[in-house]
Amino acid sequence: MDRSLESAVARWLELDQNPKTLALVKDLVKEGSVEKLKKCFGTRMEFGTAGLRAPMGPGTSCMNDLTIIQTTQGFCCYLEHCFSDLQDRGVVIGFDARAHTASGGSSKRFATLAAAVFISRGVPVYLFSDITPTPFVPFTIVHLGLCAGIMVTASHNPKEDNGYKVYWENGAQIIPPHDKGISTTIEENLEPWPQSWDADGAIQSPLLKDPYQDAHKAYFAAIQKHCLHRDVNKKSEVKIVHTSVHGVGHSFVQAAFEAFDLHPPFAVQEQKDPDPEFPTVKYPNPEEGEGVLTLSFALADKEGAAIILANDPDADRLAVAEKQKGGQWTVFSGNELGALLGWWMFQCWKQNGEGDPKDVYMLASTVSSKILRAIALKEGFHFEETLTGFKWMGNRAKDLLEQGKKVLFAFEEAIGYMCSPAVLDKDGVSAAAIVGEMTSYLSTKKITLSQQLKAIYEEYGYHITKNSYFICHDQDTIHRLFERLRNYTGPSTYPTECGGVVVLAVRDLTTGYDSTQPDKKAILPTSKSSQMITFTFANGGVATMRTSGTEPKIKYYTELCAAPGNRYFMRGLWRCCILSFGCLR
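Residues numbered from 1 in each chain as written. Predicted model: local features only at pLDDT ≥ 70, side-chain atom pairs only at ≥ 80, totals over all residues. Heavy atoms only, no water.

*Asks:* Quick question: what am I supposed to make of the nonpolar core here?
*Replies:* Proteins that are soluble and globular tend to have nonpolar side chains buried together. In terms of nonpolar packing, the biggest core is built from 143 residues, with F75, F118, F220 and F409 touching the most fellow members. The element best represented in this core is helix α15 (residues 334–352), accounting for 10 residues. Counting residues in each nonpolar core, the second largest holds 17 residues, with I478, L485, Y494 and A543 among its members. (Core = buried A, V, L, I, M, F, W, Y, C linked by side-chain atoms within 4.5 Å. Buried < 20%, exposed > 50% of the residue type's maximum accessible area, 1.4 Å probe, protein only. Helix = DSSP H or I, 4+ residues; strand = E, 2+ residues; numbered from the N terminus.)

In structure tokens form, the structure reads like this:
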């Protein structure tokens, strides 16, 4: 064992007070398991705009009691620097149902330790007393006027993982420079403060408050503003199945349907209750499609239901499937559901007669479909794209709202939807109720979701996408792949054609290059810490490759857009996929 590793392990044994993680590290030392120790202590988790996400276990590379305390101490110090009234306003902390028996870690345990850190500094903490969907944390920040919020969740990651997601006072996820500021103060506060381990004392503190009932009541009152067809909902004969995929969503989606006067959806019993083992699925991610929905299909067939709604384990995402006339199921992509929800939200706005469309905005991430842009061009409202991730859309939405604009909808292709400005983040609970109402309304017109999607494409132009990913754990390999594209035929040269189709434009948000700009500088923010290159082709195709901020994936996104009425362009989509596959060989 080299000296730096030996020093890191020794320091850990000094600071850690969790008997399970202490025992795990001592056993590894006793066994001489140097490679396993390197995996646990080789690096420190890097705090970024997505917060933290890593496997639960011992060491600086993992989510555990000590790294949660260290992270929260840094975050608390940063908030103290930013807010003079932190001790008056406080923070909110929520958690999902994840747990890791071997290390003694769990989302609830981590949330309670985070509360102990803040309480030790005299900061009021609104700690949810039970599991809650991620959207309830940003909602509660704004509802109670708090300084910040923490959600302990790994969303749809594998069961071994956990995460620490941070929101600012505006109710949106943090963006630069807050991530760097928090990261710096974490490094300055690695030694636990005297009361940081006192979780039991924190639970008894008068500074600890439970926002559960208040937030629950206020949230469902807020989303009811988007229920415009209550009479239709009450009479609807549409049967819907819902799965929470062993996560937190069941009772909240049931409550959302009740708030909209929709008949309660049939719950997939095997997946209804929270279970950190996720025993019925390989990955607890409804974005994976049919593999996660097998039990839902069976229940829907049994009950005669034509619609399936699926939340990811922290209920901030939503997948939707519809049974077709031939008996087969269609699982809508994130872009397809984004088209349907964007169309619906605008129809509802028009029905309400709420002013000038020039004051209306919709947002989407830059790797998502441009269908909202097409709708906006025809209907006269504004469409903007942001960098990937709801942290950018949430913050931009807040800016627009403060300017008196109306933000109707925002989405990302990874089945994330913001249908209400009450939550400036993706929200699978409100989206589920709104899809329920949209489906019920369309059924009165004898129109299915699939038929309505086709009508949208006929009116605004077909937008056909193909997105996927490759798993890659090797950072050196990822770096070589993207550098090959940046130095294709020589230094600083990108591909000029692909599959016989000319590349019209290149935008590299890692280096800041954009061939379409006079000064060749990208307009969207850039980040050297992540890879992202977009190619625009002469046939109207767009292909983007990027790395994931939370998973070991190289993702690719391709789209081909046609003018309204033009359906004869499908072959072009596959040409615009060639570059995505070719660069990864």
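Further notes follow.
*Asks:* Explain the UniProt feature "domain: Alpha-D-phosphohexomutase alpha/beta/alpha" (unreviewed entry) in the protein to me, please; I cannot follow it from the model alone.
*Replies:* The UniProt record annotates "domain: Alpha-D-phosphohexomutase alpha/beta/alpha" (unreviewed entry) at residues 45–189, 218–324 and 334–460. Helix makes up 38% of residues 45–189 and strand makes up 19%, while its end C-alpha atoms are separated by 15 Å. This span, residues 334–460, is 55% helix and 17% strand, and a straight line between its end C-alpha atoms measures 18 Å. (UniProt positions renumbered as here; feature names shortened; annotations may be inferred.)

*Asks:* Explain the packing of helix α7 (residues 136–144) against helix α10 (residues 212–223) here, please?
*Replies:* Relative orientation and spacing of two packed helices are given, respectively, by the angle between their axes and the distance between those axes. Following both chains from N to C, one finds α7 and α10 inclined at 95 degrees, their axes separated by 10 Å at the closest point. One finds that α7 runs roughly perpendicular with respect to α10. Contact residues: F136, F139, T140, H143 and L144 in α7; D214, A215, H216, A218, Y219, F220 and A222 in α10. Residues that form the contact of α7 with α10 fall into these classes: 8 nonpolar, 3 polar and 1 charged. (Axes fitted to C-alpha atoms, helices over the stretch in contact; angles between N-to-C directions. Parallel < 35°, antiparallel > 145°, perpendicular 65-115°, else oblique. Contact = heavy atoms within 4.5 Å. Nonpolar A, V, L, I, M, F, W, Y, C, P; charged D, E, K, R; others polar.)

*Asks:* Honestly, the packing of aromatic side chains in this entry has me stumped. Any pointers?
*Replies:* What describes a pair of aromatic rings is the distance from one ring centre to the other and the angle between the planes of the rings. All chains considered together, the criterion is met by 22 aromatic pairs. Geometrically, the ring pair formed by Y78 and W168 is tilted, given 6.0 Å between the ring centres and 55 degrees between the ring planes. Taken together, the residues Y78 in helix α4 (residues 65–82) and W168 in the loop between β7 (161–167) and α8 (178–187) connect sequence positions 90 residues apart. Through pairs of rings, three or more aromatic residues link up here, namely F128, F136, F139, Y212, Y219, F220 and F252. Seen from the ring of Y460, K378 lies directly overhead, with NZ or CZ sitting 5.6 Å from the centre. Over the ring of Y469 we find K553, and its NZ or CZ is 3.9 Å from the ring centre. (Phe/Tyr/Trp six-rings, centres within 6.5 Å; stacked < 30°, edge-to-face > 60°. Lys NZ or Arg CZ within 6 Å of the ring centre and 35° of its normal.)

*Asks:* Please clarify how the sheet that holds strand β2 (residues 91–95) should be interpreted in this entry.
*Replies:* To summarise the sheet geometry, strands pair through backbone hydrogen bonds and adopt either a parallel or an antiparallel arrangement. Taking strand neighbours across the sheet as the criterion, the 6 strands line up as β1-β7-β6-β2-β5-β8 in an open arrangement whose pairing is mixed. At either end of the open sheet lies a strand with only one pairing partner, and these are β1 (52–55) and β8 (208–209). Seen against the sheet, α7 touches β2, β5 (125–127), β6 (148–152) and β7 and runs at an angle of roughly 160 degrees to β6. (Pairing = 2+ DSSP bridges.)

*Asks:* Explain the pattern of salt bridges here, please?
*Replies:* Think of it this way: side chains of opposite charge can pair up when their charged atoms draw near. Enumeration according to the criterion identifies 26 salt bridges in this entry. As a salt-bridge pair, E277 and K159 come within 2.8 Å of each other at their nearest N and O atoms. Highlighted residues: E277 in the loop between α13 (269–272) and α14 (294–303) and K159 in the loop between β6 and β7, separated in sequence by 118 residues. E277 gets classed as partly exposed once you look at its relative accessible area, which sits at 42%. When the shortest N-O distance is used, the salt bridge between D273 and K272 registers 3.0 Å. Under the relative-accessibility criterion, D273 is labelled partly exposed at 44%. Sharing partners across several salt bridges, the network here consists of K165, D312, D316, R317, E412, D425 and K426. (Salt bridge = Lys/Arg side-chain N within 4 Å of Asp/Glu carboxyl O.)

*Asks:* What exactly am I supposed to notice about helix α2 (residues 19–31) here?
*Replies:* Because an α-helix packs 3.6 residues into every turn, residues spaced three or four apart end up facing the same way. With 13 residues, α2 extends 18 Å between its outermost C-alpha atoms, agreeing within 8% with the 18 Å of an ideal straight helix rising 1.5 Å per residue. Those residues of α2 lying buried are T21, L22, V25 and L28. For α2, the buried positions fall inside an angular range of 130 degrees around the axis, keeping them on one side. The outward face of α2, more than 90 degrees from its buried face, is lined by the exposed residues P19, K30 and E31. Buried residues in α2 make contact with α1 (3–15) and α3 (34–41). Its side-chain oxygen placed 2.8 Å from the backbone nitrogen of K20, N18 serves as the N-cap of α2. G32 sits one or two residues past α2 and shows a positive phi near 70 degrees. (Expected span 1.5 Å × (residues − 1). Arc of directions from axis to C-beta. Polar contact = N/O pair within 3.5 Å; in protein donor to acceptor, adjacent residues only side chain to side chain.)

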